[in-house]
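# Residue-level structure breakdown
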Amino acid sequence: MENSSHSPSPARESPLLSWACAIAAATASLALVGKLLDVQALASGLPSSIPMAPSTACAFLCLAAALHPGLPWRDSLRARFGLLAPVFLIPIPDLVGVAAWYFKSGGDAGTPGLFDPWTRVWIMSPLTAGLFFILGACAAAGLARGRGTPSPAAAWGAAFAAAFSTVVLIGYVYRVPLFYGGRVIPMAATTAACFLALSAALLAETGRGLRPWRLFEGDSPAPRMMRSFLPLFAGFILLMGFLSSRSSVVSSPLAAALILLVSLPCMAWMVARVSAGLGAAIETAERRLGESEALNRELIEHLPQIIFVKDRNLNYLFCNRVLAEKLGIESKDIVGKDDFRFFSREAAEKYRADDREIMEEGRIKDIEEEYEAAGRKRWVHTLKVPFRDGRGGIVGV
């Protein structure tokens, strides 16, 4: 049995990461079958793309096996780091071969065979090797910190890998070779798709609460809008680019206008769907807030202790029934009034000095003080606490 240093803390399984690993493993397996059968279409995905190299497919299988949260070795860091090791080692022979060829040619980028994508179709691209090093390091950082634990380094590395693979895919969609390799051995379209799936899932796993993933988290309106509209508009732009790069008819202004008009109902449906979701979420939040406030007020009203809240100007915002009865007023009548309205000047100045000290120092004060109400004096034990807003700022006592 491994000790605690080799076992991550239990965490819930991530469906997104599971699906991304499954997609990457399936795509890599198809690429290996394509190599065995010499069918490049199984490994390329697009006619304009070179096939995924066997070494790339093997590295993806190891990376997916290391990251998948549902496999038997998910609780063993030793096994998962062992599966990550080939991700760093497999690209090395291809990189060495490319470097040797480069130096042999004297650095001539026009040397046939080295940078011509169709003469070395089964060789891992240097771009692919670089992303494997980055994504492997991100996976190692995420595993080291524990699943579900935010890791800034892993999150930013995964974000870079996702952005880079997106650019490669856009290059294939728009037929811009510069985006997926240019004269260098390019990255296959299937390789970029696997990198995008794994890096997005890894970003979701390690980047919670951190930028850039924080922009999409939560149930407030801004993250909901980002999650709904960003994929919609990105997909629309990519679809327009894909169609216009393959048909001169679609690229005409009239066709573009017609496609835009057809897409408007889809956008309207999405806006209505998001608005309905936001409305339901706001109603639920307001209902729960009302229930919570009612419960808190009910508890406070029936406590035998005196409870009150003052703002930064030391005017009363609230008091419970006990204090109101001792002052001979209704609870609502205390709002906006200060201590001079109910106590002697000497007592009021002392209370306010204590309140200012608590707000300035931001600490709890436990004091014994003389209390006066309706002409009667008694000694009471008072506990005064800084009253903070949702951001932690002191707004009263």
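Keep in mind the model is a prediction, meaning the values are calculated, not measured.

## Details of the pattern of salt bridges
Counted by the stated rule, this structure contains 11 salt bridges. The partner of Lys365 in a salt bridge is Asp354, and the shortest N-O contact between them spans 3.0 Å. Highlighted residues: Lys365 in strand E3 (residues 365-373) and Asp354 in helix H13 (residues 345-361), separated in sequence by 11 residues. A single burial state applies to Lys365 and to Asp354, both of which are buried. Between Asp355 and Lys384 there is a salt bridge whose closest N-O contact spans 2.8 Å. Of this pair, Asp355 sits in helix H13 while Lys384 sits in strand E4 (residues 376-384); the two residues are 29 residues apart in sequence, bridging distant segments of the chain. The network of salt bridges with shared partners includes Lys350, Asp354, Glu357, Glu361, Arg363 and Lys365.

## Side note on the packing of aromatic side chains
Across all of its chains, the model carries 8 aromatic pairs by this definition. Grouped by ring-pair contacts, the aromatic residues Phe60, Phe132 and Phe195 constitute a single cluster.

## Re helix H3 (residues 54-67)
Given a rise of 1.5 Å per residue, 14 residues ought to cover 20 Å, and the 20 Å separating the end C-alpha atoms of H3 matches this to within 8%. Counting buried residues along H3, 11 of its 14 residues qualify, which places the element largely inside the surrounding structure. Taken together, the buried positions of H3 are occupied by Ser55, Thr56, Ala57, Ala59, Phe60, Cys62, Leu63, Ala64, Ala65, Ala66 and Leu67.

## What to know about the side chain of Ser76
With respect to the helices and strands, Ser76 occurs in the loop between H3 and helix H4 (77-89). Only 3.2 Å separates the side chain of Ser76 from the backbone nitrogen of Ala79, close enough to count as a polar contact.

## Considering the nonpolar core
Grouped together as the largest cluster of nonpolar side chains are 46 residues, with contacts concentrated most on Met52, Phe60, Leu63, Leu84, Phe132 and Leu198. Counting only elements with at least two residues in this core, the list comes to helix H1 (15-37), H3, H4, helix H6 (126-145), helix H7 (152-174) and helix H9 (189-206). In terms of residues, this core owes the most to one element, H9, which gives 9 residues. Residues contacting Leu198, with those up to four places away along its chain left out, are Ala20, Cys21, Ala24, Phe60, Leu63 and Leu135. Counting residues in each nonpolar core, the second largest holds 10 residues, with Ala324, Phe342, Phe343 and Tyr351 among its members.

## What about the pairing of strand E2 (residues 316-319)?
Sheet faces and side chains relate simply in a regular strand, where the side chains alternate between the two faces. Direction of pairing for strand E1 (residues 308-310) relative to E2: antiparallel, over a ladder of 3 bridges. Across the sheet, Val309 pairs through a bridge with Phe318, a residue of E2. Here E1 folds back onto E2 in antiparallel fashion, the turn holding 5 residues, of which Leu314 has a positive phi close to 65°.

## Description of a nonpolar patch on the surface
On the surface, Leu30, Val33, Leu36, Leu37, Val39 and Leu42 cluster together to form a nonpolar patch covering roughly 540 Å² of accessible area. It is H1 that contributes the most residues to the nonpolar patch, 4 residues altogether. Topologically, Val33 is positioned in helix H1.

## Things to note about H1
Residues spaced three or four apart along an α-helix point in a common direction, a consequence of the helix completing one turn every 3.6 residues. With 23 residues, H1 should cover 33 Å at 1.5 Å per step; its first-to-last C-alpha distance of 33 Å lies within 8% of that length. Leu17, Ser18, Ala20, Cys21, Ala24, Ala28, Ala31 and Gly34 are the residues of H1 that are buried. Following H1 by one or two positions, Asp38 has its phi on the positive side, about 60°.

## Examining the packing of H6 against H7
Direction vectors running N to C along H6 and H7 enclose 150°, while the axes themselves pass 8 Å from each other. With respect to their mutual orientation, H6 and H7 come out roughly antiparallel. Relative to H7, H6 is oriented so that their crossing is left-handed. Of H7, the residues touching H6 (which contributes Leu127, Leu131, Ile134, Leu135, Cys138, Ala141, Gly142 and Arg145) are Pro152, Ala153, Ala154, Gly157, Ala158, Phe160, Ala161 and Phe164.

## Some details on unusual backbone geometry
With phi around 65°, Leu314 is a residue other than glycine that occupies positive phi space. Look at Leu314 and you get buried, because its relative accessible area is 2%.

Analysis parameters
- Numbers given for residues are sequential positions, taken from 1 along each chain in its written order.
- Thresholds applied to this predicted model are a pLDDT of at least 70 for local features of residues and 80 or more for the giving and counting of side-chain atom pairs; totals over whole chains, interfaces and linings are not thresholded and use all residues.
- Excluding hydrogens and water, the side-chain values take into account all heavy atoms of the structure.
- By convention in these notes, a salt bridge is any Lys or Arg side-chain nitrogen within 4 Å of a carboxyl oxygen on Asp or Glu.
- Numbering of helices and strands starts at the N terminus; helices are DSSP runs of H or I of at least 4 residues and strands are runs of E of at least 2.
- For the exposure calls, accessible area comes from a 1.4 Å probe over protein chains only, and a residue counts as buried if that area is under 20% of its type's maximum, exposed if over 50%, partly exposed in between.
- Working definition: a ring pair exists when centres of Phe, Tyr or Trp rings (six-membered ring for Trp) sit within 6.5 Å. Plane angles under 30 degrees give stacked, over 60 give edge-to-face, the rest tilted.
- Helix span is expected to be 1.5 Å times the residue number reduced by one.
- Between N or O atoms, a polar contact is any pair within 3.5 Å; within protein, one atom must be a potential hydrogen donor and the other a potential acceptor, and residues adjacent in sequence are included only when both atoms are from side chains.
- Think of a nonpolar core as a cluster: buried Ala, Val, Leu, Ile, Met, Phe, Trp, Tyr and Cys residues, connected wherever their side-chain atoms sit within 4.5 Å.
- Residues count as neighbours in contact if any of their non-hydrogen atoms are within 4.5 Å of one another.
- Here a strand pair is declared whenever DSSP counts at least two bridges between the two strands.
- Each patch is built from salt-bridge-free residues with over 30% relative accessible area, joining like charges within 9 Å and nonpolar side chains (Val, Leu, Ile, Met, Phe, Trp, Tyr) within 5 Å.
- Residue burial considers only the protein chains on display, and all accessible areas are found by Shrake-Rupley using a 1.4 Å probe.
- For helices, the fitted line uses only the C-alpha atoms of the stretch in contact; every axis is such a line through C-alpha atoms, and the angle between N-to-C directions lies from 0 to 180 degrees.
- Each angle is binned into one of four classes, with values under 35 degrees roughly parallel, values over 145 roughly antiparallel, values of 65 to 115 roughly perpendicular, and all other values oblique.
- Helix crossings are classified by the rotation of the near helix relative to the far one: an anticlockwise turn of less than a right angle makes the crossing left-handed, while a clockwise turn makes it right-handed.

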